[in-house]
Structures are given as structure tokens and as C-alpha cells.
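Residues per chain, in single letters:
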Amino acid sequence: QVQLVESGGGLVQAGGSLRLSCAASGGIFSTNDMGWFRQAPGKEREFVASITWTGGTTTYADSVKGRFTISRDNDKNTVYLQMNTLKPEDTAVYYCAARSIIFNNYQYWGQGTQVTVSS
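Analysis parameters
- Residues numbered from 1 in each chain as written.
- Predicted model: local features only at pLDDT ≥ 70, side-chain atom pairs only at ≥ 80, totals over all residues.
- Heavy atoms only, no water.
- Salt bridge = Lys/Arg side-chain N within 4 Å of Asp/Glu carboxyl O.
- Helix = DSSP H or I, 4+ residues; strand = E, 2+ residues; numbered from the N terminus.
- Buried < 20%, exposed > 50% of the residue type's maximum accessible area, 1.4 Å probe, protein only.
- Phe/Tyr/Trp six-rings, centres within 6.5 Å; stacked < 30°, edge-to-face > 60°.
- Lys NZ or Arg CZ within 6 Å of the ring centre and 35° of its normal.

## A closer look at the pattern of salt bridges
Step number 1: A complete count under the given rule lists 5 salt bridges for this structure.
Step number 2: Put simply, Arg38 and Glu46 hold a salt bridge, and the shortest N to O gap is 2.9 Å.
Step number 3: Across the pair Asp90 and Arg38 runs a salt bridge whose closest N-O atoms are separated by 2.9 Å. One end of the pair, Asp90, is in the loop between strand 8 (78-83) and strand 9 (92-100); the other, Arg38, is in strand 4 (residues 31-39), with 52 residues separating them in the sequence.
Step number 4: Note on Asp90: relative accessible area 0%, which makes it buried.
Step number 5: Connected through salt bridges with shared partners, the residues Arg38, Glu46, Arg67 and Asp90 form a single ionic network.

This is how it looks when you write it as C-alpha cells:
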């Protein structure tokens, strides 16, 4: 079964940067892309970005285009989210997820990492 572990969250001032990492293991060959989601207190989970393992096709939410960059290192089975020009509204718990090839949905999820942006 696929396991995902996020890291890199923390406290940063508005305008600053953070890089999140997601290490995947345990059957990653059964997934076709990786995604980042976030959930702020009292809000629903929101899609942030995704990238395919093969081809490296990326997709971004409009709210983060031009500021966030998703990337992958296939040799390390790791996905990154570089977050620049952070805003207070970016404050949330960020989750890494993997899409199942069989079920075509984000079936596997990490534990989440907190990102807090102060004004």
C-alpha cells in the first residue's frame, strides 16, 4: 500500500517562501500522479497542484499560479511544492495525495504539514 509523508511546513511572514516535500513509498508504481491539497480551519479541502510521474504534466489552482511550483524527483519518489510570495490566505494544513491508476481518484493521503503565514 502506498504511504506518503509530508515535511517542510512552518511559520513564515507574508512574502516569504517555503518548500514542502512528499516522500512516497510502498507501491508507488500503482499511481499515475501526485497532488497537493490544503485545508484551512473551518474550510473545505482545496486542490492546489498536481504532477504526473510520467511526462511531468502540471496543473495549478488559479489562486497559486505564478507563485507555487510543483516538481518531482522520480529517482527519490519525492514530490515538492515550492511556495513563493506567500500570503496569509495560504495558511492551511497541506496534504500530499496520490491518484490510484485502478480507481482514478486520490486514494492515498499523507498526514499533513502545517503552513502558517503571518501578516
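Structure's up, so let's keep going.
## Describing the packing of aromatic side chains
Step number 1: Per the stated rule, a full pass over the model turns up 3 aromatic pairs.
Step number 2: A ring pair is formed by Phe37 and Phe47, whose centres lie 5.5 Å apart and whose planes are at 75°; its orientation type is edge-to-face. A residue pair is termed long-range when its members are at least 10 positions apart, and Phe37 in strand 4 and Phe47 in strand 5 (residues 46-52) qualify at 10 residues.
Step number 3: Classification of Phe37 as buried rests on a relative accessible area of 8%.
Step number 4: When the ring of Phe37 is compared with that of Trp109, the centres are 4.9 Å apart and the planes differ by 55°; the resulting orientation is tilted. Residue Phe37 is located in strand 4, and its partner Trp109 is located in strand 10 (residues 106-109); the two are separated by 72 residues in the primary sequence.
Step number 5: These aromatic residues form a ring-pair network of at least three members: Phe37, Phe47, Tyr106 and Trp109.
Step number 6: Above the face of the Phe37 ring, Arg45 is positioned so that its terminal group lies 5.5 Å from the ring centre.

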